[in-house]
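Coordinates in review
Next come the chains, spelled out residue by residue.
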Amino acid sequence: MNLIQILILAIIQGITEWLPISSSGHLVIVQQHFGLKEVPLIFDVSLHVGTLCVVVVAFRKDILGIAKALYKLDFESEEGRLALYIALGSIPTALIGFFFHDVFQILFSSTLAVGVALTITGFILYLSKLRKDGKKLDYLDSLLIGIAQGVAIVPGISRSGITLSTGFWRKIKREVVFRYSFLLSIPAVIGATVMESRDLVVGELDVVGLLFGVIVSMVVGYASLKLLLKIVLKEKFHLFAYY
């Protein structure tokens, strides 16, 4: 990839990684437009690492609180229960990713499949406007949101879109759903990075281009994450359905 392609892909990754419009679906469409057979694996893995850094920075207080609760084995506190919810929600995501990864991977070569998945995402987002929030997160909610996150492996199904919508349908408070959805993404991103890294072969590496792409995606991604929070709190989340 040349520098212009890296810049465009990094900006798209940064914007679409958090907004509920599917980063994987957009990357499939753009890479086919560029005539790229596939985005280099090292680039994809690096963006995953950048994604992880953005979430860690944005939710550093929550992560620190969870770490303290785990250290004390305090599962009665809010942070301790949240740790259990994240662990429970990660199980279906891991199982779906492990057993269906190869099946979903085939879809990355089909813009038709991505188009259908994006349309499904649109309906999911629109239906989220019907929810009324107010309840607290529980174990069943965590499990259902974890299943939703696993389904988002399909290119064109937005991870943030389907997990947040699931939480909205379960009538969970907006702030709670938002926090849980993105904290739940941390083990998922780590798992995906590890799986992809197994096939990683580092040969001639454009370090400058790679770092440039990662930094751009991180900066844009952090801004889009903050924007999404404002949109969620203003109850405008469903408007992404039209896009």
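Below you will find a few notes about this structure. Because the structure is a prediction, the values reported are computed rather than measured. (Residues numbered from 1 in each chain as written. Predicted model: local features only at pLDDT ≥ 70, side-chain atom pairs only at ≥ 80, totals over all residues. Heavy atoms only, no water.)

**Some thoughts on the nonpolar core**
Filter applied, for reference: The set of buried Ala, Val, Leu, Ile, Met, Phe, Trp, Tyr and Cys residues whose side-chain atoms join them within 4.5 Å is what this entry labels a nonpolar core. Three exposure classes are used, based on accessible area relative to the maximum for each residue type with a 1.4 Å probe and protein chains only: buried under 20%, partly exposed in between, and exposed over 50%. Labels follow the DSSP assignment, with helices taken as runs of H or I lasting at least four residues and strands as runs of E lasting at least two, numbered in each case from the N terminus. By the convention used here, residues are in contact when the closest approach between their heavy atoms is within 4.5 Å.
In terms of nonpolar packing, the biggest core is built from 31 residues, with Leu164, Phe178, Tyr180 and Leu228 touching the most fellow members. Of all the secondary structure elements, the ones that give two or more residues to this core are helix H3 (41–58), helix H5 (78–106), helix H8 (159–169), helix H9 (174–197) and helix H10 (207–233). With seven residues, the top contributor of residues to this core is H9. Each residue touching leucine 228, except ones within four places of it in the same chain, is listed here: Trp18, Leu19, Pro20, Ser160, Leu164, Phe178, Phe182, Phe237 and Phe240.

**Quick word on the packing of helix H6 (residues 111–127) against H8**
For any two helices packed against each other, the geometry comes down to the angle between their axes and how far apart the axes lie. Quick note on the threshold: Fitted lines through C-alpha atoms serve as axes, helices being fitted only where they are in contact, and the angles separating the N-to-C directions of these axes extend from 0 to 180 degrees. Each angle is binned into one of four classes, with values under 35 degrees roughly parallel, values over 145 roughly antiparallel, values of 65 to 115 roughly perpendicular, and all other values oblique. The hand of a helix crossing depends on one turn: near helix anticlockwise from the far one by less than a right angle means left-handed, and clockwise means right-handed. The nonpolar class holds Ala, Val, Leu, Ile, Met, Phe, Trp, Tyr, Cys and Pro. Asp, Glu, Lys and Arg form the charged class, and all remaining residues, Gly among them, are polar.
Across the interface, H6 lies against H8 with an axial gap of 9 Å and an inter-helix angle of 30°. Classified by the angle between their axes, H6 and H8 sit roughly parallel to one another. Seen along the crossing, H6 lies across H8 with a hand that is left-handed. For the pair H6 and H8, contact is made by Ile124, Leu125 and Leu127 and by Gly161, Ile162, Ser165 and Trp169, respectively. Looking at the contact of H6 with H8 residue by residue, the class counts come to five nonpolar, two polar and no charged.

**Observations regarding the packing of H5 against helix H7 (residues 139–151)**
The contact between H5 and H7 brings their axes to 7 Å, and the two run at 25°. In terms of orientation, H5 lies roughly parallel with respect to H7. H7 is crossed by H5, and the crossing has right-handed handedness. Contacts from Leu84, Tyr85, Leu88, Gly89, Pro92, Thr93, Ile96 and Phe104 of H5 reach H7 at Tyr139, Ser142, Leu143, Gly146, Ile147, Gln149, Gly150 and Val151. Here the contact of H5 with H7 is built from residues that sort into ten nonpolar, six polar and no charged.

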